[in-house]
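Chain by chain, the residues:
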Amino acid sequence: MEQVDRSSRRGRRMGEEGFSLSELLVVVVIIGILIRIAYPAINSLRAYSEAAMMTMGTTLQAAQREAVARQHDVIVVFNTAGGRLQLIFDADNSGGQNGAERVRGVALERAVVFGRGAAPARAFGAGPLNFDDSKNTLTFHRNGSASATGGMYLTTVRGAAGTAKWARDARAIEVVRSTGRIEWFRYSGAAWIRGF
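Just so you know, these numbers come straight off a predicted model, no measurement behind them.

Basis of the calculations
Residues numbered from 1 in each chain as written. Predicted model: local features only at pLDDT ≥ 70, side-chain atom pairs only at ≥ 80, totals over all residues. Heavy atoms only, no water. Helix = DSSP H or I, 4+ residues; strand = E, 2+ residues; numbered from the N terminus. Buried < 20%, exposed > 50% of the residue type's maximum accessible area, 1.4 Å probe, protein only. Contact = heavy atoms within 4.5 Å. Areas by Shrake-Rupley, 256 points an atom, 1.4 Å probe, with all protein chains shown as cover. Pairing = 2+ DSSP bridges. Axes fitted to C-alpha atoms, helices over the stretch in contact; angles between N-to-C directions. Phe/Tyr/Trp six-rings, centres within 6.5 Å; stacked < 30°, edge-to-face > 60°. Lys NZ or Arg CZ within 6 Å of the ring centre and 35° of its normal. Core = buried A, V, L, I, M, F, W, Y, C linked by side-chain atoms within 4.5 Å. Salt bridge = Lys/Arg side-chain N within 4 Å of Asp/Glu carboxyl O. pLDDT = per-residue confidence, 0-100. Patch = residues over 30% accessible without salt bridge, like charges linked within 9 Å, V, L, I, M, F, W, Y side chains within 5 Å.

**Examining the overall build of the protein**
Alright, step 1. A count of helical and extended segments in the protein gives 3 helices and 10 strands.
Alright, step 2. Secondary structure elements of the protein, listed N to C terminal, follow the sequence α-α-β-β-β-β-β-β-β-α-β-β-β.
Alright, step 3. Per-residue burial over the protein gives 37% buried out of 196 residues.
Alright, step 4. Relative to all contacts within the protein whose residues are 6 or more apart in sequence, the contacts with residues 24 or more apart total 56%.
Alright, step 5. Approximately 11,300 Å² of the protein is accessible, and the part contributed by carbon and sulfur atoms is 56%.

**Things to note about the sheet that holds strand 2 (residues 84-90)**
Alright, step 1. Strand order in the open sheet formed by 4 strands is 3-2-1-6, with antiparallel pairing between adjacent strands. Each edge of the open sheet carries a strand with a single partner, namely strand 3 (103-107) and strand 6 (137-140). The mean angle between the axes of side-by-side strands here comes to 20°, regardless of whether they run parallel or antiparallel.
Alright, step 2. Note: strand 1 (residues 73-79) against strand 6, 4 bridges, orientation antiparallel. In the sheet register, Val76 faces strand 6, and the bridge partner there is Leu138.

**Focus on the packing of aromatic side chains**
Alright, step 1. Counted according to the given criterion, the structure contains 4 aromatic pairs.
Alright, step 2. Clustering of aromatic rings is evident, with ring pairs tying together Phe124, Tyr153, Tyr187 and Trp192.
Alright, step 3. Taking the ring centre of Phe89 as reference, the NZ or CZ of Arg102 above it sits at 4.0 Å.

**Quick look at the side chain of Thr155**
Alright, step 1. Relative to the helices and strands, Thr155 is located in strand 7 (residues 150-156).
Alright, step 2. Residue classification places Thr155 among the buried residues on the basis of a relative accessible area of 0%.
Alright, step 3. Apart from the residues within four sequence positions on either side, Thr155 is in contact with Ser49, Ala111, Val112, Val113, Gly115, Arg116, Gly117, Ala160, Asp169 and Ala170.

**Notes on the nonpolar core**
Alright, step 1. Residues Leu60, Val76, Phe78, Leu138, Phe140, Leu154 and Ile173 are the most contacted members of the largest nonpolar core, which totals 28 residues.
Alright, step 2. Broken down by element, this core gets its largest block of residues, 6 residues, from helix 2 (residues 21-70).
Alright, step 3. Among residues more than four places away in sequence, those in contact with Val76 are Leu60, Ala63, Leu85, Gln86, Leu87, Asn136, Thr137, Leu138 and Phe140.
Alright, step 4. Among the nonpolar cores identified, the runner-up in size contains 9 residues, and Ala119, Phe124, Tyr153 and Ala170 belong to it.

**As for the pattern of salt bridges**
Alright, step 1. On inspection of all chains with the given rule, the structure shows 9 salt bridges.
Alright, step 2. A salt bridge links Arg46 to Asp169; its shortest N-O distance comes to 2.8 Å. Of this pair, Arg46 sits in helix 2 while Asp169 is found in the loop between helix 3 (157-160) and strand 8 (171-175), placing the two residues 123 residues apart along the sequence.
Alright, step 3. In the salt-bridge network here, residues are joined through shared partners; they are Arg46, Arg158 and Asp169.

**Examining the confidence of the model for the protein**
Alright, step 1. With 88% of its residues at a pLDDT of at least 70, the protein reaches an overall mean of 86.
Alright, step 2. For the protein, the element scoring lowest by mean pLDDT is helix 1 (residues 2-17), at 54; strand 8 scores highest, at 96.

**Considerations on the environment of Glu109**
Alright, step 1. Relative to the helices and strands, Glu109 resides in the loop between strand 3 and strand 4 (112-114).
Alright, step 2. The partly exposed category is assigned to Glu109, whose relative accessible area is 27%.
Alright, step 3. Here Glu109 is in contact with Tyr48, Ala51, Ala52 and Thr55, once residues within four sequence places are set aside.

**Concerning a nonpolar patch on the surface**
Alright, step 1. Together, Val26, Val29, Ile30, Ile33, Leu34 and Ile37 make up an exposed nonpolar region whose accessible area comes to about 580 Å².
Alright, step 2. Tracing the sequence through the fold places Val26 in helix 2.

**Observations regarding the environment of Asp90**
Alright, step 1. If you trace the backbone, Asp90 turns up in strand 2.
Alright, step 2. Look at Asp90 and you get buried, because its relative accessible area is 0%.
Alright, step 3. In sequence terms Asp90 and His141 are 51 residues apart; their C-alpha atoms lie 9.9 Å from each other.
Alright, step 4. Excluding anything up to four places from it in sequence, Asp90 contacts His72, Asp73, Ile75, Gly95, Gly96 and Glu101.

Right, here's the structure in full:
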């Protein structure tokens with residue numbers, strides 16, 4: 001009888017000092033489930049920057065094509081603080097909006113801002129928006145050319161904080177002045193890669 005009491009006391013002491021194997025397994029399983037639930041949400045932010053790059057790039061391409069097709073300027077006004085751009089279909093080629101000329105706004109995807117975060121700058125400059133005419137506007141002319149050479153950066157809000165961990169969220173769009181060509185780039189963590 002004495003032997004049983006000692007072993008039960010020893011078992012109670014060990015139980016007070018640590019966790020049983022079954023308790024540890026339950027905790028590990030719960031942590032695994034939480035990671036499986038949270039991981040897609042964390043990575044979906046990169047998809048937002050990809051979608052924003054596609055939206056902004058195709059909007060600029062459409063503006064250039066509209067200028068050629070309609071034979072009038074299309075002015076793109078960037079609002080980096082507001083996370084949007086505005087297209088002015090300048091039918092009278094006056095350099096601004098007059099009367100009944102069409103205007104269209106395009107906003108960035110949610111959780112995306114203008115900027116590059118920790119990604120290195122491309123040749124067109126380091127700021128969120130860089131055109132060689134130093135304005136926050138870009139005009140596509142009826143011959144398809146652009147008013148300036150330059151580009152813009154897009155990244156997620158977590159990437160904008162400048163942490164190297166999220167540098168891969170950065171995207172860049174460049175405009176070639178003479179042809180009005182739009183080029184897309186994504187940062188791989190080591191280099192800028194052309195295309196989408």
